[in-house]
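Survey of secondary and tertiary structure
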Amino acid sequence: MIQEKQVLAVAKSLIKKNKINCDIKLLNYKKFKSLAKKSPLIFQVLKEGFTFRELNLPAVIYHKKTDHIFICKEILEKLLKKQPKNSQKKFIEAIVLHEIFHIKNRKNVSKFELNESINSEENVFNKFKKSYPKLFRLSSKIINSKK
Ligand SMILES: [Zn+2]
């Protein structure tokens with residue numbers, strides 16, 4: 001499995017390249033879950049009967065004064081442990097770019113409202129798919145292989 005500092009290096013270089021101001025951290029499962037549940041979309045999905053574990057959500061964006069991208073160590077490990085190093089790096093790029101799109105869409109995500117966050121998710125999903133088709137295919141494949 002790719003080292004934590006490599007994960008951060010990949011993420012930081014993308015943040016820099018996209019000229020955004022954002023903090024990035026790797027969190028343990030417990031901390032990550034409690035922050036992720038603050039998202040109205042995730043809250044809703046859990047209310048509908050999914051468990052947090054089966055969502056296989058590797059990263060979330062969190063707004064508090066500045067933007068924060070949080071990546072979950074355990075989930076990342078679960079998703080990537082059998083992947084070659086290069087795919088691991090690409091996958092990290094994919095999840096970070098997804099969250100960067102959310103930041104660029106800021107007006108939609110700063111409101112903690114369900115419909116807004118569904119729209120933002122769809123918007124980011126489509127933009128990401130269109131801008132990075134290869135990363136999109138790779139990351140979808142990795143996530144779906146664990147479902
Ligand atoms: Zn998203």
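Coordinates for the structure precede this section.
In this report, the structure presented in the accompanying data block is examined. (Residues numbered from 1 in each chain as written. Predicted model: local features only at pLDDT ≥ 70, side-chain atom pairs only at ≥ 80, totals over all residues.)

When you go through the protein residue by residue, the secondary structure sums to 9 helices and 3 strands. Rg of the C-alpha trace for the protein: 14 Å, near the compact-globule value of 15 Å for 147 residues, within the 12% margin. If one aligns the C-alpha atoms of the protein with their principal axes, the spans along those axes are about 40 × 35 × 30 Å. In the protein, buried positions account for 28% of the 147 residues. Considering only contacts in the protein between residues 6 or more positions apart, those separated by 24 or more positions represent 66%. (Helix = DSSP H or I, 4+ residues; strand = E, 2+ residues; numbered from the N terminus. Rg over C-alpha atoms; globule rule 2.2 N^0.38 Å. Buried ≥ 20, exposed ≤ 12 C-beta atoms within 10 Å, placed from the backbone. Contact = placed C-beta atoms within 7 Å.)

Look at helix 3 (residues 40–47) against helix 8 (residues 114–131): their axes get within 8 Å of each other, and the N-to-C directions meet at 100°. Looking at the two axes, helix 3 sits roughly perpendicular to helix 8. Contacts between helix 3 and helix 8 involve Pro40, Leu41 and Gln44 from the former and Leu114, Ser117, Ile118 and Glu121 from the latter. Here the residues of the contact of helix 3 with helix 8 sort into 4 nonpolar, 2 polar and 1 charged. (Axes fitted to C-alpha atoms, helices over the stretch in contact; angles between N-to-C directions. Parallel < 35°, antiparallel > 145°, perpendicular 65-115°, else oblique. Nonpolar A, V, L, I, M, F, W, Y, C, P; charged D, E, K, R; others polar.)

With that settled, consider the nonpolar core. Residues Ala11, Ile92 and Val96 are the most contacted members of the largest nonpolar core, which totals 29 residues. Among the elements that make up this core, the one with the highest residue count is helix 6 (residues 85–104) (9 residues). Here valine 96 is in contact with Val10, Ala11, Leu14 and Ile69, once residues within four sequence places are set aside. (Core = buried A, V, L, I, M, F, W, Y, C linked by C-beta atoms within 7 Å.)

Turning to the packing of helix 6 against helix 8, a few remarks are in order. Here helix 6 crosses helix 8 at 125°, and the two axes come no closer than 9 Å. Looking at the two axes, helix 6 sits oblique to helix 8. The crossing of helix 6 and helix 8 is right-handed. Two secondary-structure elements touch here, helix 6 through Leu97, His98, Phe101 and His102 and helix 8 through Ser120, Val124, Lys127 and Phe128. For the contact of helix 6 with helix 8, the per-class residue count stands at 4 nonpolar, 3 polar and 1 charged. (Left-handed = near helix turned anticlockwise from the far one by under 90°.)

With respect to the helices and strands, the residue isoleucine 20 is situated in the loop between helix 1 (4–17) and strand 1 (22–27). In the structure, isoleucine 20 is positioned 80 residues away from isoleucine 100 in sequence and 8.1 Å away in space, judged by C-alpha atoms. Apart from the residues within four sequence positions on either side, isoleucine 20 is in contact with Ile15, Ile100 and Ile103.

The 3 strands lie next to each other as 1-3-2, forming an open sheet whose pairing is mixed. Each having just a single partner strand, strand 1 and strand 2 (59–64) make up the two edges of the open sheet. Mean inter-strand twist for the sheet, computed between neighbouring axes without regard to direction, equals 25°. Where strand 2 lies against strand 3 (residues 66–72), 6 bridges are found, and the strand directions are antiparallel. The residue bridging tyrosine 62 from the neighbouring strand is histidine 68, located in strand 3. Along the sheet face, helix 1 touches strand 1 and strand 3 and points at about 160° away from the line of strand 1. (Pairing = 2+ DSSP bridges.)

Function-wise, these values are silent; they only describe arrangement.
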